[in-house]
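So you can see what is in the structure, the chains are spelled out below.
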Amino acid sequence: MKAIEITNLSFSYAKDKEILHDLSLEIELGSFVSIIGHNGSGKSTLAKLLVGLLEANSGNIKIMNLDVNEKNIQKIRSKTGIVFQNPDNQFIGSTVRDDIAFGLENRCIPHEDMDKIVNEFAVKVGMIDFLDKEPSNLSGGQKQRVALAGILAMHPDILILDEATAMLDPKGRNEVISLVKKMKDENSNLTVLSITHDIEEAASSDRVIVLSDGNIILDGTPKEVFSKTDELLTIDLDIPFLTSLKNALYKKGIDVASIEDEDKVVEFLCQ
């Protein structure tokens, strides 16, 4: 089943410059897909179009077989959760507990059930000891955990991360991505769409799509996409550290192309 189907999608903020041009794309239910590209490539615009925050100039988007339009938008948003770059823009409640519960209240979940669900997802994201804290007093990584808890508590079919780790330090970024992977492992039908500028983050997904000037220029597994070093560098994108290391070693006559884990490469070199 297709979680997302995009057909001939075009969008522009101004008449003289298209941000997305005749874009077509399908994403399978249960997959973990990263979309990368330089600033202005159309990544975040696409995220907003998927959840109906923007309206396409032409083309069609289907989410879980529902056309994205005014008639279906509430159903679509009940199936889709999005975490933005700045979690402060998503906080509603005065405490972490209130914020995680907000979406559940909108769905009229009974209070006796709501407390159980809030506690369950606070534990999952490692924030059970912060339920009575004000969100504004949390670190960036903690805020993103709370934002994720509020979304995941509503059991979305599709989780969209729109530059959700861009404001975090490496430790916070790794915490959030590890958490998403854990949630994905617990629910194999959860579709994750990570819109990111972080190459290392994209390298851990099932599939990588590269946007440039509103067009898809590369699409495949991380190994396939990041092997296109020259094409990526041409559009000012970097490549993962492990790929760079393998390329540098190859030039020195050391072929470690078949080793997929960074630690195992280091172990091989030590031997």
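Going by the structure above, here's the rest.
Procedures and definitions
What you see as residue numbers is a count from 1 along each chain, following the sequence as written. Under the rules for a predicted model, residues below a pLDDT of 70 receive no local features and side-chain atom pairs below 80 are neither given nor counted, while totals for whole chains, interfaces and linings still include all residues. Side-chain measures were taken over the full set of non-hydrogen atoms in the model, leaving aside hydrogen atoms and water. Put simply, DSSP marks the helices as runs of H or I at least four residues long and the strands as runs of E at least two long, and each gets a number from the N terminus on. Radius of gyration here uses only the C-alpha atoms, and the compact-globule reference equals 2.2 Å multiplied by the residue count raised to the power 0.38. Residue contacts are defined here by distance: any two heavy atoms, one from each residue, within 4.5 Å place the two residues in contact. Charge convention: Lys and Arg are scored as positive, Asp and Glu as negative, and His as well as the terminal groups of each chain are ignored. All charge positions are set by atom: Lys at NZ, Arg at CZ, Asp at CG, Glu at CD. Under the pairing criterion, centres of Phe, Tyr and Trp rings, with the six-membered ring standing for Trp, must be within 6.5 Å; the plane angle then separates stacked pairs below 30 degrees from edge-to-face pairs above 60, leaving the rest tilted. The classification of residues rests on relative accessible area computed with a 1.4 Å probe and restricted to protein chains. Under 20% of the type maximum is buried, over 50% is exposed, and intermediate values are partly exposed. Only Lys NZ and Arg CZ are tested; either one counts as a charge over a ring when it is within 6 Å of the ring centre and within 35 degrees of the ring normal. Any Lys or Arg side-chain nitrogen found within 4 Å of a carboxyl oxygen on Asp or Glu counts as a salt bridge. Angles run from 0 to 180 degrees between N-to-C directions of axes, and those axes are lines fitted to C-alpha atoms, restricted for helices to the stretch in contact. Put simply, angles under 35 degrees are roughly parallel, angles over 145 are roughly antiparallel, angles from 65 to 115 are roughly perpendicular, and the rest are oblique. Should the near helix be turned anticlockwise from the far one by less than a right angle, the crossing is left-handed, and should it be turned clockwise, the crossing is right-handed. In this classification, Asp, Glu, Lys and Arg are treated as charged, Ala, Val, Leu, Ile, Met, Phe, Trp, Tyr, Cys and Pro as nonpolar, and every other residue, Gly included, as polar. Strand pairing requires that DSSP identify at least two bridges connecting the strands.

**Q** It is not clear to me how the overall build of the protein chain should be interpreted in this structure. Could you clarify?
**A** Helices and strands together make up the secondary structure of the protein chain, namely eleven helices and ten strands. The C-alpha radius of gyration computed for the protein chain amounts to 20 Å, which stays within 12% of the reference 18 Å derived for 271 residues, consistent with globular compactness. Dimensions of the protein chain, computed from the C-alpha atoms along their principal axes, are close to 65 × 50 × 35 Å. Taking contacts inside the protein chain between residues at least 6 apart in sequence as the whole, the part at least 24 apart equals 62%. Put simply, the protein chain has 29 plus and 44 minus side-chain charges, and the middle of one group is 2 Å from the middle of the other.

**Q** I'm lost on the packing of aromatic side chains in this one. Help?
**A** Remark: the centre distance and the inter-plane angle together describe each pair of aromatic rings, the angle taken between the planes. In the structure shown here, the tally under the stated rule is one aromatic pair. Between the aromatic rings of Phe 11 and Tyr 13, the centroid separation amounts to 4.7 Å while the plane-to-plane angle is 90 degrees, which identifies the pairing as edge-to-face. Exposure remark for Phe 11: the relative accessible area of 5% places this residue in the buried category. Directly above the aromatic system of Phe 121 lies the positively charged group of Lys 124, at a separation of 5.9 Å from the ring centroid.

**Q** Would you mind going over the pattern of salt bridges with me for this structure?
**A** Should the charged atoms of two oppositely charged side chains come close, the side chains can pair. Scanning the model with the defined rule gives ten salt bridges in all. Of the charged contacts in the structure, one is a salt bridge between Glu 186 and Lys 124, with a shortest N-O distance of 2.9 Å. Remark: Lys 124 occurs in helix α4 (residues 111-124) and Glu 186 occurs in helix α6 (residues 170-186); sequence separation between them is 62 residues. You can call Glu 186 partly exposed: its relative accessible area is 47%. We classify Lys 124 as partly exposed; its relative accessible area is 22%. A salt bridge links Arg 145 to Glu 175; the nearest nitrogen and oxygen atoms lie 3.6 Å apart. Residue Arg 145 is found in helix α5 (residues 140-152), and its partner Glu 175 is found in helix α6; the two are separated by 30 residues along the sequence. When its relative accessible area of 25% is taken as the criterion, Glu 175 is described as partly exposed.

**Q** I would appreciate a short explanation of unusual backbone geometry in the present structure.
**A** Excluding glycine, residues mostly have negative phi values, and the peptide bonds linking residues are mostly trans. In the Ramachandran plot, Met 64 falls in the positive-phi region, its phi being about 50 degrees despite a non-glycine side chain. Considering the arrangement of structural elements, one finds Met 64 in the loop between β4 (58-63) and β5 (66-67). Phi is positive for Glu 163, which is not a glycine, with a value near 55 degrees. Relative to the helices and strands, Glu 163 is located in the loop between β7 (158-162) and α6.

**Q** How should I be thinking about the packing of α5 against α6 in this particular structure?
**A** How two helices sit against one another is set out by the angle between their axes and by the gap between those axes. The geometry of α5 relative to α6 is characterised by a closest axis approach of 10 Å and an angle of 20 degrees between their N-to-C directions. As judged from the angle between their axes, α5 and α6 are roughly parallel. As for the relative orientation of α5 and α6, their crossing is right-handed in sense. Residue-level contacts link Gly 141, Gln 144, Arg 145, Leu 148 and Leu 152 of α5 to Glu 175, Val 176, Leu 179, Val 180 and Met 183 of α6. Of the residues belonging to the contact of α5 with α6, the class tally is six nonpolar, two polar and two charged.

**Q** Just to check I follow, could you spell out the sheet that holds β5 for this structure?
**A** Each strand in a sheet pairs with its neighbour through backbone hydrogen bonds, running either in the same direction (parallel) or in the opposite one (antiparallel). Strand order in this open sheet of four strands is β2-β1-β4-β5, and the pairing throughout is antiparallel. Edge positions in the sheet fall to β2 (17-28) and β5, since each has one partner strand and no second. The strands touched by helix α1 (residues 43-50) are β1 (2-14), β2 and β4; relative to β1, the strand with the most contacts, the crossing angle is about 115 degrees.

**Q** Would you mind going over the sheet that holds strand β10 (residues 215-220) with me for this structure?
**A** The six strands are arranged β6-β7-β8-β3-β9-β10 in an open sheet whose pairing can be described as mixed. Each edge of the open sheet carries a strand with a single partner, namely β6 (80-83) and β10. Averaged over all adjacent pairs, the angle separating strand axes in this sheet is 15 degrees, with direction ignored. As paired elements, β7 and strand β8 (residues 191-195) share five bridges and run parallel to each other. If you follow Ile 158 over to β8, its bridge partner there is Thr 191. Most of the contacts of α1 go to β7, to which it runs at about 145 degrees, and overall it touches β3 (32-37), β6, β7, β8 and β9 (207-212). Together, β6 and β7 form the strand contacts of α5, whose direction differs from that of β6 by roughly 175 degrees.

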